[in-house]
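# Reading the structure
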Amino acid sequence: MAQLLRVQNFTISSDGVAAGVDQSFENPFGLDHLTSMKWFFATASFPGNAGSSGSRGLDDYFARDFSNNIGAEIMGRNKFGPQRGPWTDHEWEGWWGDEPPFHTPVFVLTHHERPSIELSDSTFHFVDSSPADVLDRARQAAGGKDVRLGGGVTTIRQFLDADLVDTLHITVAPVEFGSGLKLWDSPDELDDRFDHESVPSPSGVTHHLFWRK
């Protein structure tokens with residue numbers, strides 16, 4: 001069975017924005033962009049809701065699918081942290097603390113490599129390679145499972161431009177940010193390469209599903 005490269009639970013605003021221009025330690029997504037993730041935070045499967053009465057149904061189905069058959073993740077450096085340029089603080093080990101939610105090898109794209117970091121059952125490797133080379137490494141590390149492309153926008157666009165993405169699940173939230181990094185102007189931009197279905201949720205978000213033709 002082929003190992004897929006999957007974009008999973010990636011959330012953007014109705015004007016296509018996934019990340020703000022003012023990312024900082026206090027605001028990992030820039031500005032107030034966590035508002036677009038309310039659908040995910042409200043589900044029973046969100047880690048912070050363990051044992052609570054979080055929502056079930058469609059949104060929870062996608063929340064549960066986040067780690068299904070995933071053996072490795074690829075992410076951009078901006079998802080890992082707010083630093084830019086050469087690493088000046090090797091004490092920084094990501095936004096997630098001692099128990100990152102990945103539970104797999106993670107390949108962080110950066111022009112400034114640094115030693116790998118092992119946190120619980122997640123190991124972060126910092127690589128300066130082409131999308132195709134990074135995907136080869138991630139597939140080898142995934143042990144036959146799929147690879148998740150975790151974002152952000154620039155990283156997803158790089159792998160789309162290289163025609164390496166097999167499936168995407170993009171959630172569009174009913175908010176507008178006006179500025180920031182945009183995934184698209186319209187989801188129809190991907191219809192030349194992907195079959196595409198959209199599924200509205202009672203929570204107000206719309207789940208867009210794409211799979212390679």
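What you see is a predicted model; the values in this text were computed from it and never measured.

### Overview of helix H5 (residues 153-161)
Taken together, the buried positions of H5 are Val153, Thr155, Ile156, Phe159 and Leu160. What you see down the axis of H5 is that its buried residues fit within an arc of 165°, all on one side. Following H5 by one or two positions, Asp163 has its phi on the positive side, about 60°.

### Here's the deal with the packing of aromatic side chains
Applying the stated criterion across every chain yields a total of twelve aromatic pairs. Residues Phe194 and Phe210 carry aromatic rings whose centres are separated by 6.4 Å and whose planes lie at 80° to one another, so their mutual orientation is edge-to-face. Of this pair, Phe194 sits in strand S10 (residues 194-200) while Phe210 sits in strand S11 (residues 206-212), and the two are 16 residues apart along the sequence. With a relative accessible area of 2%, Phe194 lands in the buried category. Ring-pair connections join several aromatic residues into one group, and the members of that group are Phe80, Trp87, Phe102, Phe124 and Phe126. For Arg114, the ring lying beneath its charged end belongs to Phe126, and the centroid distance is 4.9 Å. For Arg148, the ring lying beneath its charged end belongs to Phe66, and the centroid distance is 3.8 Å.

### Observations concerning helix H4 (residues 131-141)
Burial in H4 covers these residues: Val134, Leu135 and Ala138. All buried residues of H4 lie within an arc of 100° about the axis, which places them on one face of the element. Where H4 is buried, its residues contact strand S1 (5-13), strand S3 (70-76), strand S4 (105-109), strand S6 (122-127), strand S7 (146-149) and H5. Where H4 terminates, the next one or two residues include Gly143, which has phi positive at roughly 65°.

### As for the pairing of S7
On S7, burial covers both faces: Asp146 and Arg148 on one face and Val147 and Leu149 on the other are all buried. In this sheet, S7 lies alongside S3 in parallel orientation, the contact comprising four bridges. Looking across to S7, one finds that Ile70 is bridged to Asp146.

Definitions and limits used
Residues numbered from 1 in each chain as written. Predicted model: local features only at pLDDT ≥ 70, side-chain atom pairs only at ≥ 80, totals over all residues. Heavy atoms only, no water. Buried < 20%, exposed > 50% of the residue type's maximum accessible area, 1.4 Å probe, protein only. Helix = DSSP H or I, 4+ residues; strand = E, 2+ residues; numbered from the N terminus. Arc of directions from axis to C-beta. Phe/Tyr/Trp six-rings, centres within 6.5 Å; stacked < 30°, edge-to-face > 60°. Lys NZ or Arg CZ within 6 Å of the ring centre and 35° of its normal. Contact = heavy atoms within 4.5 Å. Pairing = 2+ DSSP bridges.

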